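An overview of the molecular structure
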Amino acid sequence: MPLHDRLSSRSTRRAFLGRTAAGAAAALLASSGRPRAEDSRAAAARIEKDLIVHETSPHNAEPALDKLVESWITPLEHFYVRSHGNTPEIDPREYRLSVEGLIERPLRMGLAELRERFQPASAVAALTCAGNRRREHSRTKPVGGVPWDAGAIGNARWAGAKLSDLLRAAGVRDGAKHVWLEGLDEIGHAGEIIPFGGSLPLARALADTGAAPGALLAWEMNEQPLAADHGFPLRAVVPGYIGARSVKWLGRIVVSDRPSPNHYVAEAYKLVTEGTPEELARTRPIYEYPLNAAICLPAEHTKLAAGTIRVRGYALPSGEPGRTISGVRVSADGGRSWMRAKITSPVREFCLVLWQAEVPVHAGVESLLVDAVESTGRSQPETTPWNQKGYLYDARHRVPVRVG
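Notes on the structure follow. (Residues numbered from 1 in each chain as written. Predicted model: local features only at pLDDT ≥ 70, side-chain atom pairs only at ≥ 80, totals over all residues. Heavy atoms only, no water.)

Moving on to helix α6 (residues 163–170). Of all 8 residues that make up α6, 6 are buried, and the element is covered over most of its length. Within α6, burial applies to L163, S164, L166, L167, A169 and A170. Downstream of α6 by one or two residues, G171 has phi in the positive range, about 80°. (Buried < 20%, exposed > 50% of the residue type's maximum accessible area, 1.4 Å probe, protein only. Helix = DSSP H or I, 4+ residues; strand = E, 2+ residues; numbered from the N terminus.)

Here it is, written out as structure tokens:
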């Protein structure tokens, strides 16, 4: 099949996809010798109870912001869920990952073979939706999409196999420049059924560092088998890239000389202002996420007593390798003066940090403002240019409060 053809394998996919969103996190390969995951329906009920649900079909939900500062590793019940179609139900005994395209040795492997053949790897890395803080974009001019607050983000400890090891086993051929990732979900789009797809440059896929692999084929999240909502039985995790590139329910990898033609690469997840075919064609897909920070406590419109208050939140360095958070500052007077925050968590590339600050407030204070600074010296902008899809909102986070 030519590399530019549509990524499709409907008969194979339907052989082991269910038609409901119940998921299959309870199932593990019998030979794995690992504890069984909790029942997926019970997990889904627990997640919905602890997340703010924006949509149920597809399932899109985020935690209340105060939950994000309880732990540097975000627990499953507080980890945001982003889906574009219903959650597929996958029988792990039938599951196979296909690797094809510009390679010497096409591969087709089940989960047990992946575990046995490749050296396990792990990393702590943040995932964040490109639409995180979209609600603030809409204050300038309405945008479509899930109305995320600042909670579509989280740190997790991922474990699996390095994508680079898989590609070396397959033997990448000359001319290869990109790696396509295709999920096993089925999404209605423009009168067709398509999978969710991602893409990353081959150089990034091979860019393993001491902090994290260029990309991971993850079967565990926080030392537990993946839950259905988070991509059971296998998902990609691309540290530093927006969550849309970390494809869930991973079923197919294609090595190519060009980016994926999948809708979610070629058309969606681009910064555009008009959305015309011409603008989409000339606009680069979004890959790295930007430097960002948010105030998680106190919540918006909290009534505060005059005096010194504790402000808590998170910060995230931009997704380029080597970037870390070097400082966080908080203002109670619109940015005229700043208080330096204390970092209360580990500081690593591709990871959230948690911070807190003791800030004096008095009658008349109307808002709190946060600004993060990364290791390059760059800080957050005062405003974010509007774009049609409300992506990558990275302006200084402002929380209105009442002091009296």
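Inspection of every chain in the model, using the stated rule, returns 19 salt bridges. Between R117 and E113 there is a salt bridge whose closest N-O contact spans 3.8 Å. Remark: E113 and R117 occur in helix α4 (residues 111–117); sequence separation between them is 4 residues, near one turn of the helix. You can call R117 partly exposed: its relative accessible area is 42%. When the shortest N-O distance is used, the salt bridge between R139 and E300 registers 3.6 Å. One end of the pair, R139, is in helix α5 (residues 134–140); the other, E300, is in the loop between β15 (292–297) and β16 (303–304), and 161 residues separate them in sequence. Accessibility expressed as a relative area gives 52% for R139, which makes it exposed. Here the salt bridges do not stand alone but share partners, grouping R135, R139, D149 and E300 into one network. (Salt bridge = Lys/Arg side-chain N within 4 Å of Asp/Glu carboxyl O.)

All chains considered together, the criterion is met by 6 aromatic pairs. Centre to centre, the rings of F196 and Y264 are 4.5 Å apart; their planes meet at 35°, and the pair counts as tilted. Here the residue F196 occupies a position in the loop between β9 (192–194) and β10 (197–201), and Y264 occupies one in helix α8 (residues 263–266), the gap between them amounting to 68 residues. Pair check on accessibility: F196 and Y264 agree, each one buried. Ring geometry for Y269 versus Y391: centroids 5.1 Å apart, planes at 10°, classification stacked. Highlighted residues: Y269 in the loop between α8 and α9 (277–282) and Y391 in the loop between β22 (367–374) and β23 (397–400), separated in sequence by 122 residues. (Phe/Tyr/Trp six-rings, centres within 6.5 Å; stacked < 30°, edge-to-face > 60°.)

Among the nonpolar cores identified, the biggest contains 69 residues, and L97, L163, L166 and I253 are the most heavily contacted of them. For L163, the residues in contact, after removing those within four places along its chain, are V179, L200, A205, A215, L216, L217 and I253. Counting 24 residues, the second-largest nonpolar core is a separate cluster that includes I309, I325, V353 and V365. (Core = buried A, V, L, I, M, F, W, Y, C linked by side-chain atoms within 4.5 Å. Contact = heavy atoms within 4.5 Å.)

In spatial order, the strands read β4-β3-β14-β7-β10; together these 5 strands make up an open sheet with mixed pairing. The sheet is open, and its two borders are formed by β4 (107–109) and β10, each paired with just one other strand. If you compare each strand with its neighbour and ignore which way they point, the axes differ by 15° on average. Note: strand β7 (residues 178–183) against strand β14 (residues 250–256), 6 bridges, orientation antiparallel. Each bridged residue has a counterpart across the sheet, and for W180 the counterpart in β14 is V254. (Pairing = 2+ DSSP bridges. Axes fitted to C-alpha atoms, helices over the stretch in contact; angles between N-to-C directions.)

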